[in-house]
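# Coordinate analysis (summary)
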Amino acid sequence: MFEVLLTVCLLADPAACRTERHDGGATREACAVEAGRLAAAVGADQQAERWPCVATGTTPSIALTEIAPGVFVHQGHHAEFDPHNLGDVANIGVVVGNRSVAVIDAGGSAAVAQGLLAAIREITALPISHVVLTHMHPDHSFGAATLAAGGAEIIGHAKLERALAARREHYLARARDMIGPAFAETDLATPDLAVEDSTEIDLGGRVLQLVAHATAHTDNDLTVYDRESGTLFLGDLLFLGHLPVIDGSVLGWLTVLDRLEAQPARRGVPGHGPVAVAWPEAAGPMRAYLETLVSEARAAIEAGMPIGEAAETLGHRSAAAWLLADPFAARNALTVYKELEWE
Ligand SMILES: [Zn+2]
């Protein structure tokens, strides 16, 4: 069975939108016909903003928690992609201004993004103007095209587009494999706006500051600060619970962290972990793990430890206190060993 997710907005007030689910019939083709009929039937005073067809039951319900006035966060599962979580494994932020909404990270599939759109319609009728991606990883970026289909601008680090293009085929094939048929509608989006250094976006009475960082978790990490509430969205520059994953530079990450920890904020939002945490205190366990990896890797290199043995030992004892130590502890050990080998 399929259903149509139909969003209509008033022409006189484009900020007044609503999303409804309609029965779309037994096949995708029938659903597309029904979607067309519904869109055509929209009143002259209204505009059909979007009408994707989704298989019934494949759009997860996405819970948003209000952590400050107008600031909502969805907590993703601590897991890798699978057919049950549909890619809902990373945190997502939603910031509501007077004029429009910004979404910070996009979930790991079109299905998650569709669930998120329905959840956003529960809290506001304002249109989504910006989809900000904190970095390239699939669990944060795969829902972007769906979220932006209504006209939102996709924004990321200046190096995001190249990074996505380089891993596109690999990422899509792997996610298809892990999530299964429900992933079928997902495709990678292309950023509309690249942040070289920093920029601001105005949601109406609410300005978000976006900062592009040097290589750390990845080479395209971006943070978002909402001045009004003092909320700092750190993406995967902050992990809690889920073992931090190094896909850039461990030394770079520690340097970026020094700077971020000096930034006062009323709360931080991690890429993985609770919806809101004390900042900078919450970075403590992650910093300790990264520093342990560095010191153990330096000692191992000094002692001439073979790389295979390093992968199986470095940082593993401290990784055991985290979730998802397997599969990421060995990968981190290898990455750090290779980075520090040439110091
Ligand atoms: Zn990541």
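For the structure given in this document, a descriptive report is provided here.

### Digging into the overall build of the protein
- Assigned secondary structure in the protein consists of 10 helices and 16 strands.
- Computed over C-alpha atoms, the radius of gyration of the protein comes to 21 Å, within 12% of the 20 Å expected from 2.2 N^0.38 for 343 residues, which places it in the range of a compact globule.
- Considered along the principal axes of its C-alpha atoms, the protein spans approximately 75 × 45 × 30 Å.
- The proportion of buried residues among the 343 residues of the protein is 55%.
- Looking at the protein alone, contacts between residues at least 24 apart form 68% of all its contacts between residues at least 6 apart.
- Working note: accessible area of the protein is about 14000 Å², and carbon and sulfur atoms make up 53% of it.

### Re helix H5 (residues 160-179)
- Compared with the 28 Å implied by 1.5 Å per residue over 20 residues, the 24 Å span of H5 between its first and last C-alpha is markedly short.
- Its axis deflected by about 60° at Arg168, H5 carries its strongest bend there.
- Among all positions in H5, only Leu160, Ala163, Leu164, Tyr171, Leu172, Ala175 and Ile179 are buried.
- The secondary structure elements touched by the buried residues of H5 are helix H3 (138-141) and strand E10 (153-157).
- In the segment just after H5, Gly180 is the residue with positive phi, at about 90°.

### Side note on the coordination of the zinc ion
- Taken together, the protein ligands of the zinc ion are His135 (NE2), His137 (ND1), His217 (NE2) and Asp236 (OD), with distances of 2.1 to 2.2 Å.
- One way to put it: the four donor atoms around the zinc ion meet at angles of 87 to 169°, and that makes the site irregular.
- The sequence motif formed by the donor residues of the zinc ion is H-x1-H-x79-H-x18-D. In this pair, His135 is assigned in the loop between strand E9 (128-132) and H3 and His217 in the loop between strand E13 (207-212) and strand E14 (222-226), connecting sequence segments 82 residues apart.

### Regarding the layout of surface pockets
- Estimated volume of the largest pocket: approximately 530 Å³.
- Lining the largest pocket are 23 residues, with His137, Pro138, Arg174, Phe328 and Arg331 positioned closest to its centre.
- Counted by class, the lining of the largest pocket contains 11 nonpolar, five polar and seven charged residues.

### Quick notes on the pairing of strand E7 (residues 92-96)
- Counting buried residues along E7, five of its five residues qualify, which places the element largely inside the surrounding structure.
- Bridge analysis of strand E6 (residues 71-74) against E7 gives four bridges, and the strand direction is antiparallel. Counted as the bridge partner of Val71 is Val95 from E7.
- Both E7 and strand E8 (residues 101-104) contribute to a ladder of four bridges, which runs antiparallel. When the sheet's bridge partners are listed, Val96 is paired in E8 with Val101.
- In this structure, the hairpin formed by E7 and E8 is closed by a connection of four residues.

### A word on the sheet that holds E8
- Read from one edge of the open sheet, seven strands run E5-E6-E7-E8-E9-E10-E11, paired in mixed fashion. Since the sheet does not close on itself, it has two edges, and those belong to strand E5 (65-68) and strand E11 (193-195), each with one partner. When the angles between neighbouring strand axes are averaged without regard to direction, this sheet yields 25°.
- Note that E5 and E6 share three bridges and pair antiparallel. Bridged to Thr65 within E6 is Val73.
- Relative to E7, helix H2 (residues 110-123) is tilted by about 30°, and along the sheet it contacts E6, E7, E8 and E9.

### As for the environment of His130
- Tracing the sequence through the fold places His130 in strand E9.
- Residue class for His130 comes out buried when judged on its relative accessible area of 11%.
- C-alpha of His130 to C-alpha of Lys159: the two residues are 29 residues apart in sequence and 18 Å apart in space.
- Look past the residues within four positions of His130 in its chain and what remains in contact with it is Val101, Ala102, Val103, Ala152, Glu153, Ile155, Ile201, Asp202 and Leu203.
- Among the polar contacts listed, one links the side chain of His130 to the side chain of Ser129, at a separation of 2.7 Å.

### Observations concerning the packing of aromatic side chains
- Summed over the entire model, instances satisfying the criterion amount to four aromatic pairs.
- Here Tyr289 and Trp322 contribute two aromatic rings whose centre-to-centre distance is 6.3 Å and whose plane-to-plane angle is 55°, an arrangement assigned as tilted. Linking Tyr289 in helix H7 (residues 284-302) with Trp322 in the loop between helix H9 (316-319) and helix H10 (325-340), this pair joins segments that are 33 residues apart in sequence. Both residues of the pair, Tyr289 and Trp322, count as buried.

### Considerations on the sheet that holds strand E16 (residues 267-272)
- Taken together, five strands build an open sheet; the order of strands is E12-E13-E14-E15-E16 and the sheet is mixed. Looking along the sheet, the strands with just one partner apiece sit at the ends: strand E12 (198-202) and E16. Adjacent strand axes in the sheet meet at a mean angle of 25°, parallel and antiparallel pairs treated alike.
- As paired strands, E13 and E14 are joined by five bridges and run antiparallel to one another. Paired with Leu210 across the two strands is Val224, which belongs to E14.
- Across the sheet, helix H6 (residues 250-261) lies against E14 and strand E15 (231-239), angled at about 160° from E15, the strand it touches most.

Parameters at a glance
Residues numbered from 1 in each chain as written. Predicted model: local features only at pLDDT ≥ 70, side-chain atom pairs only at ≥ 80, totals over all residues. Heavy atoms only, no water. Helix = DSSP H or I, 4+ residues; strand = E, 2+ residues; numbered from the N terminus. Rg over C-alpha atoms; globule rule 2.2 N^0.38 Å. Buried < 20%, exposed > 50% of the residue type's maximum accessible area, 1.4 Å probe, protein only. Contact = heavy atoms within 4.5 Å. Areas by Shrake-Rupley, 256 points an atom, 1.4 Å probe, with all protein chains shown as cover. Expected span 1.5 Å × (residues − 1). Bend = angle between axes of the 7 residues up to and from the residue. Donors = N, O, S within 2.8 Å, 3.2 Å for Na, K, Ca; no water. Tetrahedral: all angles 85-135°; square planar, octahedral: opposite > 155°, others 65-115°. 1 Å grid on protein atoms, 1.4 Å probe; cavity = no way out; pocket = protein on both sides within 12 Å on 5 of 7 lines; lining within 4 Å. Points joined across faces, edges and corners; volume = space filled by probe spheres on them. Nonpolar A, V, L, I, M, F, W, Y, C, P; charged D, E, K, R; others polar. Pairing = 2+ DSSP bridges. Axes fitted to C-alpha atoms, helices over the stretch in contact; angles between N-to-C directions. Polar contact = N/O pair within 3.5 Å; in protein donor to acceptor, adjacent residues only side chain to side chain. Phe/Tyr/Trp six-rings, centres within 6.5 Å; stacked < 30°, edge-to-face > 60°.

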